[in-house]
Amino acid sequence: MNILALYPGLNPSVNDVAFALNYIADELSHNITVITARESQTKAVTDSPKYEEIGNLHIHRPYKSYTQMIWYPQMQSAAVKQVAAEVNPDVIICSQEYNMRLARYMQQSCERLSTKQGAGKKIPIVLITEFAGRLADGTIPGKLLPTVMPMLGVPMWGKAYWRWLRKHASEIITYDAADIDRLEQLSAGGTKVTYVPWCNQLPPDFEKPAERHKRMFYIGSFSAYKNTDSLAWVVPQVLEETETEEVLLIGPGDTQVVNDLIAKYGKKIQYKPSCSRMEALVYCASSYFAFTPLNISFGGLLGDSWAVGTPVVSTPGSTKLEDSVNALIPPTQDEMGKTVQRLYSEPDLYRQLQAGGDSYYQQRSASAVGSQIVAVLERAIQRAAIAEPAHIV
């Protein structure tokens, strides 16, 4: 299977999905080539090489930034068309819905070439999104994209954007665990939506620190969607009612809550706007517990915490985390401090959470995620094979 994958700012030093793609290439013996950008602002990567190989995974970075990929996908038309022609893809992976314009451009270019060669091959697009449910509900983040995208032929008002995505994607993968109970509903109409876990894979050269500090750890963006305002009531209980001595917070965004906590607790609050992937793993592995305010999805912090054996604490009302299995969840906000203190006073509970987390980590390894992605790609190709031949207009 020849796979052309479009990813925003893919860099193996910060993106675990690169390990899943590498598994698909090396262990499952598929030809996979990535087109991406050199910069990844959300991951604090300012520059990556224009070309990189990881085993049999080939990564091309003709775009300077993800912004350029979104707004001006044809700026590098000659470069991406050359890569696509060399790949001769059977399927295109479109990671992130905002890359769909580029995905369609690549699809049309490749199908046109196939038609000229007499094959008339239909090339399906598999969309990978962080949250299919939110797209289906019409809750699109940001203001600029919904305002400008319609001028480019992409309807983004209400639920029209979701219908547009489903029209052009043969299959959709969602990373959001909150979508699990809605997969049948989301798949209604013909485009199947499949849940695949977010990939978490420890780098081969990672070494776990010898000791843990009495520290709470959080890494991720600060926003209303991430529920980071909850730190305003979580941190005071953690520092005042438990043995925790410091709190380490890392990430960009609206950090007013961080500033308020620093003003109150001083050096007990450590803040960094960003750090490398390896630094994040070391911080996580050397912390006594990690805190996730986002209780509706399984993101990178959860997977990393489970991978390095750091228990996870979440907020009340978590819909997908299992209390005392893969996370510790207080019954009410007022009991956060009391709940966290159990990590210090109940060693059996601590080990229980580590074991539960490791079980979940194994489900999100590069091999597990890579195999599930391939299953979706193969289904998309099979469906395309029985469809009408491509007709390019």
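About the criteria used
Residues numbered from 1 in each chain as written. Predicted model: local features only at pLDDT ≥ 70, side-chain atom pairs only at ≥ 80, totals over all residues. Heavy atoms only, no water. Helix = DSSP H or I, 4+ residues; strand = E, 2+ residues; numbered from the N terminus. Rg over C-alpha atoms; globule rule 2.2 N^0.38 Å. Buried < 20%, exposed > 50% of the residue type's maximum accessible area, 1.4 Å probe, protein only. Contact = heavy atoms within 4.5 Å. Areas by Shrake-Rupley, 256 points an atom, 1.4 Å probe, with all protein chains shown as cover. Axes fitted to C-alpha atoms, helices over the stretch in contact; angles between N-to-C directions. Parallel < 35°, antiparallel > 145°, perpendicular 65-115°, else oblique. Left-handed = near helix turned anticlockwise from the far one by under 90°. Nonpolar A, V, L, I, M, F, W, Y, C, P; charged D, E, K, R; others polar. Phe/Tyr/Trp six-rings, centres within 6.5 Å; stacked < 30°, edge-to-face > 60°. Arc of directions from axis to C-beta.

1. Quick notes on the overall build of the protein chain
The secondary structure content of the protein chain amounts to 15 helices and 13 strands. Taking 21 Å as the expected radius of gyration for a compact globule of 393 residues, we find that the protein chain reaches 22 Å, a close match to that expectation. Along the first, second and third principal axes, the C-alpha atoms of the protein chain reach 70 × 45 × 35 Å. The burial tally for the protein chain puts 54% of its 393 residues in the buried class. The long-range share in the protein chain, meaning contacts at least 24 apart out of those at least 6 apart in sequence, stands at 70%. Entry remark: accessible area of the protein chain is about 17100 Å², with carbon and sulfur atoms responsible for 50%.

2. Some words on the packing of helix α9 (residues 231-241) against helix α10 (residues 256-265)
When two helices pack together, their arrangement is given by the angle between their axes and by how far apart the axes lie. As a packed pair, α9 and α10 sit with axes 10 Å apart at the nearest point and diverge in direction by 30°. Judged on the interaxial angle alone, α10 and α9 are roughly parallel. Regarding α9 and α10, the two cross each other, and that crossing is right-handed. When α9 is examined against α10, the residues Leu-231, Ala-232, Val-235, Pro-236, Leu-239 and Glu-240 are found in contact with a partner set consisting of Val-257, Leu-261, Lys-264 and Tyr-265. When grouped by side-chain class, the residues that make up the contact of α9 with α10 number eight nonpolar, no polar and two charged.

3. Quick word on the packing of aromatic side chains
For the coordinates displayed, the defined rule picks out eight aromatic pairs. Ring geometry for Tyr-175 against Trp-198: centres 4.9 Å apart, planes inclined by 55°, an arrangement best described as tilted. Residue Tyr-175 is located in the loop between β7 (171-174) and α8 (183-187), and its partner Trp-198 is located in the loop between β8 (192-195) and β9 (213-219); the two are separated by 23 residues in the primary sequence. Centre to centre, the rings of Tyr-218 and Phe-222 are 5.4 Å apart; their planes meet at 75°, and the pair counts as edge-to-face. Each member of the pair Tyr-218 and Phe-222 is classed as buried. A connected cluster of aromatic rings, assembled from ring pairs, spans Tyr-98, Tyr-161 and Trp-164.

4. Concerning helix α3 (residues 77-87)
Along α3, the residues that are buried comprise Val-80, Val-83, Ala-84 and Val-87. The buried side chains of α3 occupy one side of the element, clustering within an arc of 95° when seen end-on. Across α3 from its buried face, at more than 90 degrees, point the exposed residues Ala-78 and Glu-86. Considering only its buried residues, α3 is in contact with β1 (2-6), β2 (31-37), β4 (57-63) and α4 (100-116). Following α3 by one or two positions, Asn-88 adopts a phi angle in the positive range, close to 50°.

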